[in-house]
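# Structural characterization, general
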Amino acid sequence: MLLKIRRRAGRRAALLAVGAMTAGLLLTAPQQATAGAPNLLSNPGFETAGAPGSDMPSCWSKSGWGDNDFTFATVADAHTGTKAMKVSLTRRVSGDRKALVTENATCAPTVVPGKQYDLAAWYKSNTPDVSVTVFRHDTTAGWQYWTDLQNPPVSAAWARTEVRTPAVPPNTDKIAWGLSVYGVGTLTTDDYVVEEVGAVPPQPTCSGTAEECAKGKWEVMATKNPVRSMHAVVLKNGKVLLIAGSGNDIAQFNAGTFTSAVYDPVNGTVKTIPTPVDMFCSGHVQLSDGRVLVMSGNKGYPSADGKIGYQGLKDSYTFDPTTETYTKTNDMNGGHWYPSATILGNGDVISFGGLKEDSTGNVTAEKFSAAQNKWLPMNEVNQTWSYWGLYPSMILMQDGRLFYSGSHTFGNGTPGTGASVYDYDANTITDVPGLRNKDERDESASVLLPPAQDQRVLTIGGGNNERNPAANRLTDIIDLKQPSPAYTAGPDLPQGLVDQGQGKRPQTGAEGKMFVSAVLLPDGKVLETGGGLHDRADPVYEASFFDPTTNTYQSGLATDPIPRTYHSGSFLLPDGRVMSVGDNPGNGTYNHNVSIYTPPYLFKGARPQITSVIDKEWVYGDTQRITVNRAVAKAELIRPAAVTHSSDPNQRFVDLPMTVVNGTTIDLNVTSNPNLAPPGWYMLFAVDANGVPSIAQWVHLGGPSALAATAEQPSAHEHTFASELAAPKQNPAKRDSVPVAPTVAGCDRHYGTVNLCVPTRFPAEVKETTKARCDWLASHQYPKRMKVNGSDPLRLDPDRDGYTC
């Protein structure tokens, strides 16, 4: 699975035509920016020798890692002065070598948290496998790898490279950096520069009410969602695909009425789409060409007496955003009701878990080949015969392995610690420690935090539909860059108001929420919103921002006035707003209202504009030029949402390090690693220093030339990454499936119709009496008289007339 990339010999040349200022300019290397503040580096040109006995110039150190043969030499072939640094790799299996600013108080430049710095150097190289690598000194944790910012192109003559850092993280007082070479070849460098970006952004002017500027604003749209959507996908044209299938409605299933809709957030219109099969509780992911792959769904509902559970489809379709039609692919190898779906760095899709056609748990992995446009036969897919549960959150790591975060839907988590790393090539599963209450993470949300380059995952809240305790407030964070990654406790989820049928009241104690939505925003924060206190009941009205820079929550945001529990979803629109749909509580109702959240950053005055994108077809390792109408602080790619049941493992925010040519012309440095940004369509945002984003431009990343596999080409700069895991678990023996109780959905089917969910276990505060249970059902608006299908295990029919309460 670890993709090897054939890197282009140089950057793509792009002929610019954006007015007289840039007409005719050939992009072979970034231009030199206007001189800024003084150079913060000591001995930037290697002219001063090191201490007696040292073979490196003053304030420079040999650095690198991995299995490779290398040489360092101070040479006379300098850009200016009499000395330059030459680093050569003559054999390389892994790792890199670089001359690095010495990591000490004397040599490493002092930096200010929140500030940005321009890094520049002159270089010559005969390999494209070069990157600008930056380390930072944390005042508590010491020196640590920070980020790779740029891949300068091959250059036989002296060329200048320059790139701007992200804002310096809190608790950072110094940085060190150098140009790394991670492929066989030679790199010569000279005249390094570190300059503080001195412009102070103007203070934002509030364009709304004081409350809107602090908390944002929710609006309930006049246009309602015409379908009982369980799934939402933001398409490459900015429209939203809403998939219902039968919409958890047995009458619709029996009638063969399956629905989808396309919502246009620009003009507020909705178009109903013919839908071939019951895609209720399917999996979905966007392919590299922008089509949506929809897999499995519902073959059959449970029987009225609950002896037969949900049954998964083998069927698979693609949805074309241009024609707005579904096209059948070949079938999967088995049914997968509630499957995972993760796109890989080569554009393939891998899927795990769910229920088979006979309601048992599916233990086979499925792989969709992008090149062949089909699901592969089972014998062509590596198998561990493991059961991952329902909607397991499988997040692609930067080296091609998969991180199972512990988020899932229904019941308990996987055996062991509840979170693990899956290596497809080695076919091994290795537990990682630290996830708290791993069997109460049902309907939690997990996100790869911004930026994807940091490889940190946040898991939020959750519960357990089998025992039905109050949902928790737990948030856990794992840094996958660490040699032995482990979850650590994050701050408790903020609390809001909960409605348990007697009106809203403040949450208390450890009360949190499940069915939570987590949305990556263009300012780099995570919006968490929606959710409920218990399984399919008791909506919680609370929203907050999680800031990955400080690992803190900003509580007290405006809240969605519409309850958003089971079968709800929230997602980012290209204009920077957030859309929320759905709510399907246990009483079988469905809320068709659509809510739109305008974050505070859109009340901070005029937003920047991307005035041109020279080329919307991007290739890994490229430098891409954009123009903007005024200065911006950062730019990023955000993968459009494909969300259901709190789960969107493909959601990611990829930083685009900037080389600022002038105030309105910027070169963006595209990652060379497709595991960080799998191929496909992305929303490109430019964001100013106050966190105000532009409206997104759509760009396509990837392409056949970028994805052509070769034998053993160097991969992107990775460092020692999750390399000291514990011993892998022993895989189960080959098997067909695992038994799964028909009550896996947490519903006792002895009462009413199948689309009603009378809880198998009532919340703990409900006494185990007929009256208390009937009062709870009445307060949650269940039908007054539900037919008893066979026996009465919950004692809801005291007069034995065949109907409840």
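Because the structure is a prediction, the values reported are computed rather than measured.

On to the overall build of the chain. Within the chain, the secondary structure is distributed over four helices and 56 strands. For the chain, the C-alpha radius of gyration of 27 Å lies close to 28 Å, the compact-globule estimate for 805 residues. Along the longest, intermediate and shortest principal axes, the C-alpha atoms of the chain span 100 × 60 × 50 Å. Within the chain, the proportion of its 805 residues that are buried is 63%. Excluding contacts between residues fewer than 6 apart, the proportion of contacts in the chain whose partners are at least 24 apart in sequence is 65%. As presented, the chain carries roughly 27,600 Å² of accessible surface, and 53% of it is formed by carbon and sulfur atoms.

Let us now look at the sheet that holds strand β21 (residues 325–328). Taken in spatial order, the four strands make up an open sheet running β16-β17-β20-β21, and their pairing is antiparallel. Of all strands in the sheet, those with a lone pairing partner are β16 (283–286) and β21, marking the two edges. This sheet shows a mean twist of 25° between the axes of neighbouring strands, independent of strand direction. Bridge analysis of strand β17 (residues 292–295) against strand β20 (residues 316–320) gives four bridges, and the strand direction is antiparallel. Across the sheet, Val294 pairs through a bridge with Tyr317, a residue of β20.

For residues with low pLDDT, the predicted coordinates do not support detailed interpretation. For the chain, the average pLDDT comes to 92, and 93% of its residues sit at 70 or higher. Scored below 50 in pLDDT, residues 1–35 shows 102 contacts in the model against residues more than four places distant or in partner chains.

Strand order in the open sheet made by the four strands is β27-β28-β29-β30, with antiparallel pairing throughout. Of all the strands in the sheet, the pair left with one neighbour each is β27 (394–396) and β30 (428–431). On average, each strand axis in the sheet is tilted by 25° relative to the strand beside it, whichever way the strands run. Note that β27 and strand β28 (residues 402–404) share three bridges and pair antiparallel. Paired with Leu396 across the strands is Leu402, a residue of β28.

With that settled, the discussion passes to the environment of Val266. Along the chain, Val266 falls in the loop between β14 (259–264) and β15 (269–274). Linking Val266 and Lys239, residues 27 residues apart in sequence, is a C-alpha distance of 8.2 Å.

All told, the structure shown has four disulfides when counted by the stated rule. Disulfide pairing is shown between Cys747 and Cys757; the S-S distance is 2.0 Å. What sets the handedness of the Cys747 and Cys757 disulfide is the S-S torsion sign, and at about -95° it is left-handed. Placement of Cys747 in the loop between β56 (737–738) and α4 (770–779) and of Cys757 in the loop between β56 and α4 is noted, with a sequence separation of 10 residues between them. Each member of the pair Cys747 and Cys757 is classed as buried. Sulfur-sulfur distance for the disulfide between Cys774 and Cys805 comes to 2.0 Å. Residues Cys774 and Cys805 are joined through a disulfide that is left-handed, its torsion about the S-S bond being -90°. Residue Cys774 is located in helix α4, and its partner Cys805 is located in the segment after α4; the two are separated by 31 residues in the primary sequence. Residue Cys805 is classed as partly exposed on the basis of its relative accessible area, which comes to 42%. With its bonded cysteines labelled in order along the sequence, the chain shows the pairing 1-2, 3-4, 5-6, 7-8.

Counting 50 residues, the largest nonpolar core has Val240, Leu527, Phe571 and Met579 as the members making the most contacts within it. If one sorts the elements of this core by residue count, strand β54 (residues 680–687) sits on top with four residues. With residues up to four places along the chain from it excluded, the contact list for Phe571 reads Ala232, Val234, Val240, Val519, Arg577, Val578, Met579, Val581, Ala641 and Val643.

Further remarks concern the packing of aromatic side chains. Throughout the structure, instances matching the rule amount to 30 aromatic pairs. Consider the rings of Phe135 and Tyr145, whose centres lie 5.9 Å apart with planes at 75°: the pair is edge-to-face. Here Tyr145 lies in strand β7 (residues 142–148) and Phe135 lies in strand β6 (residues 130–138), a separation of 10 residues in the sequence. Taken together, the aromatic side chains of Phe253, Phe258, Phe280, Tyr301, Tyr310, Trp337, Tyr338, Tyr391, Phe410, Phe515 and Tyr566 make up a single cluster linked through ring pairs. The ring centre of Tyr317 lies 5.6 Å from the NZ or CZ of Lys328, which sits over that ring. Lying over the aromatic face of Tyr541, Lys504 brings its terminal NZ or CZ to 4.0 Å of the ring centre.

What follows deals with the pairing of strand β40 (residues 537–541). Counting buried residues along β40, five of its five residues qualify, which places the element largely inside the surrounding structure. As defined by bridge partners, strand β35 (residues 497–499) adjoins β40 across two bridges and the pair is classed as antiparallel. Bridge pairing in β40 links Leu497 to Tyr541. Examined bridge by bridge, strand β39 (residues 532–534) and β40 share two bridges and lie antiparallel to one another. Across the sheet, residue His534 finds its bridge partner in β40, namely Ala537. In sequence, β39 turns back onto β40 through a hairpin of two residues, with Arg536 there showing a positive phi of about 55°.

The subject of this paragraph is the side chain of Lys367. Here Lys367 lies in strand β25 (residues 366–369). For the buried residue Lys367, which engages in no salt bridge, the nearest side chain bearing the opposite charge is Asp348, 4.2 Å off. When near neighbours in sequence (up to four residues on either side) are disregarded, Lys367 contacts Leu344, Asp348, Val349, Lys374, Trp375, Leu376, Val381 and Tyr424.

Looking now at the pattern of salt bridges. Considering all chains together, one arrives at 32 salt bridges under this definition. The salt bridge partner of Lys513 is Glu542, with a shortest N-O separation of 2.5 Å. Taken together, the residues span a long stretch of sequence, with Lys513 in the loop between β36 (504–506) and β37 (517–520) and Glu542 in the loop between β40 and β41 (543–547) at a distance of 29 residues. Exposure remark for Lys513: the relative accessible area of 1% places this residue in the buried category.

The rules behind the values
Residues numbered from 1 in each chain as written. Predicted model: local features only at pLDDT ≥ 70, side-chain atom pairs only at ≥ 80, totals over all residues. Heavy atoms only, no water. Helix = DSSP H or I, 4+ residues; strand = E, 2+ residues; numbered from the N terminus. Rg over C-alpha atoms; globule rule 2.2 N^0.38 Å. Buried < 20%, exposed > 50% of the residue type's maximum accessible area, 1.4 Å probe, protein only. Contact = heavy atoms within 4.5 Å. Areas by Shrake-Rupley, 256 points an atom, 1.4 Å probe, with all protein chains shown as cover. Pairing = 2+ DSSP bridges. Axes fitted to C-alpha atoms, helices over the stretch in contact; angles between N-to-C directions. pLDDT = per-residue confidence, 0-100. Disulfide = S-S within 2.5 Å. Core = buried A, V, L, I, M, F, W, Y, C linked by side-chain atoms within 4.5 Å. Phe/Tyr/Trp six-rings, centres within 6.5 Å; stacked < 30°, edge-to-face > 60°. Lys NZ or Arg CZ within 6 Å of the ring centre and 35° of its normal. Lys, Arg positive; Asp, Glu negative; His and termini not counted. Salt bridge = Lys/Arg side-chain N within 4 Å of Asp/Glu carboxyl O.

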